[in-house]
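Residues per chain are reported as follows:
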Amino acid sequence: MTGILPSYQRFVNGVPVPSISRRSFRLREKYLIISVLLTFGIVWLGALFYLPEFKSSTSVNDSVYNVYKRIQKAGPELLMPPPLAQNEVGDFPVVGIARHGEEGDDPHVVEDRNRLKAKIDEDMGMKVLERPQFDVAPSGSSSRGPSKPPVDAIEEPALGNNAANKNVSPPALKVDSAVQKYVIPAMDPGTDIDVRRKRDTVKEMMRHAWNNYKLYAWGKNELKPMSKRAHLTSVFGGGDLGATIVDGMDTLYLMGMKDEFREGRDWIAEHFHINEIDSDLSVFETTIRFVGGLLSCYALTGDTLFRDKAAEVADALLPAFETPTGIPYALINPSNKINRQYHWAGANSILSEVGTLHMEFTYLSEVTGNEIYKEKVDRIRDVLHNIQKPDGLYPNYINPRTGMWGQRHTSLGALGDSFYEYLLKAWLVTNNEDEQARAMFDEAMQPALEKMLRTSPTGLSYLAEVKYGRVYEEKMDHLSCFAGGMFALASTTLQNTLSERYMDVAKKLTHTCHEAYDRADTKLSPEAFRFSGAAEARAMKSNEKMYLLRPETFESYFILWRLTKDQKYRDWGWQAVQALEKHCRVEGGYTGLVNVYHSTPVGDDVQQSFFLAETLKYLYLLFSDDDLLPLDEWVFNTEAHPFPIKDKNPLYRAAAKPAVVVHEDNRL
Ligand code: DMJ
């Protein structure tokens with residue numbers, strides 16, 4: 001590189017003379033050039049990753065995505081969220097870019113951080129998913145389990161007694177193969193065929209949710225529909241319990257999806273082993289989703305596999321009940337039997353959790369003949385019955401060691417909700433035998449309505465949050481929207497001084513919940529909505545603006561439709577179906593939304609198991625005839641798993657009581 005070389009010619013007095021120039025650089029110059037190039041490279045790369053305009057610029061989008069993809073190979077995915085890929089722009093929510101809550105202490109951000117950690121752990125030891133083939137014929141009975149379930153018992157669920165209806169076959173569903181996006185056919189409101197098509201739309205949604213779970217997350221708990229991979233959540237621990245399978249089974253059955261039901265049944269027979277799980281499980285979530293789901297399948301089919309698995313799950317939870325009061329701890333590790341409370345609840349258990357085991361445990365005793373389960377929940381009932389209630393209200397926290405209330409916070413939303421629901425339903429499902437439960441329900445509702453039920457300046461009724469007997473937040477959770485259905489059921493099942501009020505409250509609350517949907521750009525409700533200042537049925541904080549595919553409002557539409565036959569409940573349900581299809585459906589399933597007030601919302605990338613268990617089931621039932629799970633024969637647990645009513649429903653399937661043996665000396 002050194003030396004002097006001729007480079008061009010000069011002319012001196014017209015005579016060309018060789019000219020010389022330097023073709024190389026001095027060492028210092030070389031260093032300078034290299035540093036300039038290096039600096040330029042670093043600045044360019046930095047701009048590529050961090051400047052927002054680069055992130056959203058379509059011109060560089062693909063290359064950014066490719067760079068990300070290459071980096072992803074070198075480490076766990078969530079160390080860097082994927083940028084938006086060009087081919088994912090359009091009708092689908094944006095993939096991956098974390099724009100969740102703007103607030104640092106947002107509990108969902110904290111939760112996301114935990115999930116991130118779990119995700120990294122998972123990625124480090126990820127097993128290859130076991131996936132059944134789509135086009136393989138349903139397998140026969142498993143080698144380990146009992147014979148195949150009688151899924152033929154419910155073929156296509158009946159439309160009802162309208163003979164004209166039965167001969168009408170609905171037009172084929174249209175699927176746009178380019179994006180696999182279902183195209184909702186135009187409807188002719190008010191006709192039977194229209195209702196049938198709406199119901200078929202919901203069934204197709206179930207198929208989409210199930211098929212994608214099967215394809216990308218089979219055997220794992222839930223699906224990440226945008227990332228197209230398994231989703232791990234803390235409520236199910238870190239193990240592979242197939243939560244979506246167990247939770248979704250009875251919906252498949254009711255929809256007549258026999259092949260899928262058989263696949264799920266086979267997976268449960270072969271792979272569902274709760275005692276192998278070595279991480280914390282929520283006693284409540286495991287009960288309502290797993291014990292509840294399995295018991296419903298047992299009632300519907302009579303297949304003893306489901307009953308036995310339900311007992312296996314409940315047995316794994318029993319050590320959590322070993323407390324001085326019998327009130328269970330929140331979490332249990334089935335493998336080492338160690339119990340724990342949620343760290344955010346201190347030493348306390350949660351009212352909605354300890355009060356929402358009664359239906360499952362009582363029915364399990366009935367079908368197994370083993371009293372232990374009922375004894376456990378009766379003990380909880382006794383504590384809650386006998387304890388003094390401040391102002392007649394049940395606080396949300398109770399200490400299982402002392403049996404004393406914790407913080408005096410009362411709610412019909414998060415932390416309180418299904419405790420009240422189960423007081424009513426324990427009475428209903430026992431064919432009114434459990435009178436204590438109904439009495440506790442009516443007694444609890446009087447002060448609860450007095451303190452919590454409020455009316456906004458424009459006349460919307462809502463349930464506020466109460467602390468120490470006073471309203472402290474003019475806020476209603478989406479979770480509270482189940483209350484419309486609960487009050488409607490309470491009203492029509494017992495004539496007392498409260499019946500009329502209950503129905504009035506049921507209709508008003510359901511109207512408010514619909515308003516919360518209607519006032520959002522996506523026509524889907526936020527997680528919580530407020531009634532203060534300028535807000536009327538609208539979320540104010542960023543962590544309230546999400547929609548998690550929740551079912552509660554549709555549950556109330558369904559119950560109120562059955563009980564009043566007011567067409568508006570079906571219309572509102574159909575609006576919800578359209579909104580779900582527009583904003584939550586993605587190629588890989590259904591996602592929740594981060595902000596319902598964005599017209600092109602970002603997805604949260606979680607397909608909750610309750611979307612299959614509850615949301616789609618209630619929407620399907622809303623467009624079905626009343627003889628599919630009639631309300632005087634079935635009661636839904638809080639996860640929408642139907643339980644047969646004792647002495648009214650032949651599918652109750654109580655175990656034969658052991659014969660009483662009388663000895664010669666008259667000893668029993
Ligand atoms: C479900 O798991 C149950 O409905 C529970 O009672 C409350 N939350 C979810 C659905 O939102």
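Residues numbered from 1 in each chain as written. Predicted model: local features only at pLDDT ≥ 70, side-chain atom pairs only at ≥ 80, totals over all residues. Heavy atoms only, no water.

The name given to the protein chain in an unreviewed UniProt entry is alpha-1,2-Mannosidase, with the source organism recorded as Bicyclus anynana. Reading the Cofactor (unreviewed entry) entry of the UniProt record for the protein chain gives the comment "Ca(2+)". Entered under Pathway (unreviewed entry) in the UniProt record, the comment concerning the protein chain runs "Protein modification; protein glycosylation." (UniProt positions renumbered as here; feature names shortened; annotations may be inferred.)

Peer 1: How should I be thinking about the sheet that holds strand β7 (residues 281-282) in this particular structure?
Peer 2: Sheet architecture is open: three strands sit in the order β7-β8-β9, paired in antiparallel fashion. Edge strands, defined here as strands with exactly one partner in the open sheet, are β7 and β9 (339-340). Where β7 lies against strand β8 (residues 331-332), two bridges are found, and the strand directions are antiparallel. Within β8, the residue paired with leucine 281 across the bridge is isoleucine 332. (Pairing = 2+ DSSP bridges. Helix = DSSP H or I, 4+ residues; strand = E, 2+ residues; numbered from the N terminus.)

Peer 1: Is there a simple way to think about unusual backbone geometry in this case?
Peer 2: Across residues other than glycine, the phi torsion is negative in most instances, and most of the peptide bonds are trans. Although it is not a glycine, lysine 228 sits at a positive phi angle of roughly 60°. Of note in the backbone geometry, asparagine 432 takes a positive phi value of approximately 70° without being a glycine. The residue asparagine 432 is located in the loop between α14 (417-429) and α15 (435-452) in this model.

Peer 1: Explain the sheet that holds strand β15 (residues 465-467) to me, please; I cannot follow it from the model alone.
Peer 2: Here three strands make up an open sheet; going across it, the order is β12-β15-β16 and the pairing antiparallel. Of all strands in the sheet, those with a lone pairing partner are β12 (409-410) and β16 (470-473), marking the two edges. Two elements, β15 and β16, share three bridges in a ladder whose sense is antiparallel. Paired with valine 466 across the strands is valine 471, a residue of β16.

Peer 1: Looking at this model, I keep getting lost on the state of the cysteines. Mind explaining?
Peer 2: Think of a disulfide as a covalent bridge from one cysteine sulfur atom to another cysteine sulfur atom. Counting across every chain of the model gives one disulfide. Residue pairing for cysteine 481: its cysteine sulfur links by disulfide to cysteine 513, the two sulfurs lying 2.1 Å apart. Every disulfide takes its handedness from the sign of the S-S torsion; for cysteine 481 and cysteine 513 that torsion is -95°, giving left-handed. Separated by 32 residues along the polypeptide, cysteine 481 in the loop between β17 (475-477) and α16 (483-493) and cysteine 513 in helix α17 (residues 499-518) bring together distant segments of the chain. Residues cysteine 481 and cysteine 513 agree in their burial class; the two are buried. (Disulfide = S-S within 2.5 Å. Buried < 20%, exposed > 50% of the residue type's maximum accessible area, 1.4 Å probe, protein only.)

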